[in-house]
Amino acid sequence: MEILSAYIQGNEPVLIEFIGQECEPCAILEPTLEQVNQVLGKRMRIKLLYLSDAPELVKKYEVTSVPTLLLFQEGELKWRTQALFSKEELIEKILKELD
């Protein structure tokens, strides 16, 4: 968990997807995140995190359903969503928050 905290606090933006076991929407979003990573991978990191692996972060950021996406830049929570997006929509939303 210390590594994840270092990503959140680091200079490089990080998008964290909180997921659950056997979560169908999470599985639907996974290929989209892989595509986003191909486009934005040099500007940011994308990390997947099971709810059960980070109960303190789930509580801190009030994650109540999955998938939940949290975008951090230099320790600041810039954006959050629980919606599914296309690759293009997600890239647009991320870039809007980072620029």
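Throughout this description, residue numbers start from 1 for each chain and increase along the sequence as written. This being a predicted model, a pLDDT of at least 70 is required before a residue's local features are given, and a value of 80 or more before pairs of side-chain atoms are given or counted; all residues contribute to the totals for chains, interfaces and linings. Excluding hydrogens and water, the side-chain figures rest on all heavy atoms present in the structure.

Engineer: Give a detailed account of the side chain of Thr68, specifying residues and quantitative values.
Structural biologist: Elements are defined by DSSP. Helices are runs of H or I of four residues or more, strands are runs of E of two residues or more, and each kind is numbered from the N terminus. As for its position among the elements, Thr68 is in strand 3 (residues 68–73). Owing to a relative accessible area of 0%, Thr68 belongs among the buried residues under this scheme. Two N or O atoms form a polar contact when they lie within 3.5 Å of each other; inside protein one atom must be a possible hydrogen donor and the other a possible acceptor, and for residues adjacent in sequence the pair counts only when both atoms belong to side chains. In this structure the side chain of Thr68 is engaged in a polar contact, spanning 3.4 Å, whose partner is the side chain of Gln82. Here, two residues are considered to be in contact whenever any of their heavy atoms come within 4.5 Å of each other. Not counting the four nearest positions on each side in its chain, Thr68 is found in contact with Ile16, Glu17, Phe18, Val63, Arg80, Thr81 and Gln82. Under the scheme applied here, a residue whose accessible area is under 20% of the maximum for its type counts as buried, over 50% as exposed, and between as partly exposed, the area being computed with a 1.4 Å probe on protein chains only.

Engineer: Go over the packing of helix 2 (residues 24–40) against helix 4 (residues 87–98) with me, naming the residues and quoting the values.
Structural biologist: Helix axes are fitted only over the stretch in contact, all axes being lines through C-alpha atoms; the angle between N-to-C directions runs from 0 to 180 degrees. Between helix 2 and helix 4, the least distance of the axes is 9 Å, while the angle of their chain directions is 50°. By the angle between their directions, the pair helix 2 and helix 4 is classed as oblique. Both helix 2 and helix 4 take part in a crossing whose hand is right-handed. Contacts from Thr32, Leu33, Gln35, Val36, Val39 and Leu40 of helix 2 reach helix 4 at Lys87, Leu90, Ile91, Ile94 and Leu95. We call Asp, Glu, Lys and Arg charged. Ala, Val, Leu, Ile, Met, Phe, Trp, Tyr, Cys and Pro are nonpolar, and the rest, Gly among them, are polar. When the residues that make up the contact of helix 2 with helix 4 are grouped by side-chain class, the tally is eight nonpolar, two polar and one charged. With respect to orientation, any angle under 35 degrees is reported as roughly parallel, any angle over 145 as roughly antiparallel, any angle of 65 to 115 as roughly perpendicular, and every other angle as oblique. Should the near helix be turned counterclockwise from the far one by less than a right angle, the crossing is left-handed, whereas a clockwise turn marks it as right-handed.

Engineer: Pulling in residues and values, what's your account of the sheet that holds strand 2 (residues 45–50)?
Structural biologist: Only when DSSP finds a minimum of two bridges between them are two strands counted as paired. Spatially, the four strands line up as an open sheet ordered 2-1-3-4, and their pairing is mixed. Looking at which strands have only one partner, the edges of the open sheet turn out to be strand 2 and strand 4 (76–81). With direction set aside, neighbouring strand axes in the sheet form an average angle of 20°. Here strand 1 (residues 14–19) runs beside strand 2; their pairing, made up of six bridges, is parallel. Bridge pairing links Phe18 to Leu49 in strand 2. Contacts from helix 2 reach strand 1, strand 2 and strand 3 within the one sheet, and its direction differs from that of strand 1 by about 165°. Strands strand 1, strand 3 and strand 4 of the sheet are contacted by helix 4, whose axis makes an angle of about 30° with strand 3.

Engineer: Before we move on, can you summarise unusual backbone geometry with the specific residues and values?
Structural biologist: The general pattern is negative phi for most residues beyond glycine and trans for most peptide bonds. Note that the residue after Val66, namely Pro67, is joined by a cis bond; omega there is -5°. Structurally, the position occupied by Pro67 is in the loop between helix 3 (55–60) and strand 3. Residues other than glycine seldom take positive phi values, yet Glu62 does so here, at roughly 50°. Tracing the sequence through the fold places Glu62 in the loop between helix 3 and strand 3. Here Glu74, not a glycine, exhibits a phi torsion of approximately 50°, which is positive. As for its placement among the helices and strands, Glu74 is situated in the loop between strand 3 and strand 4.

Engineer: Describe the environment of Pro67, and please don't skip the residues or the numbers.
Structural biologist: Pro67 gets classed as buried once you look at its relative accessible area, which sits at 4%. The contacts of Pro67, once residues within four sequence positions are left out, are Glu17, Phe18, Cys23, Pro25, Cys26, Leu29, Thr81, Gln82 and Leu84.

Keep in mind these numbers describe shape, not what the thing actually does.
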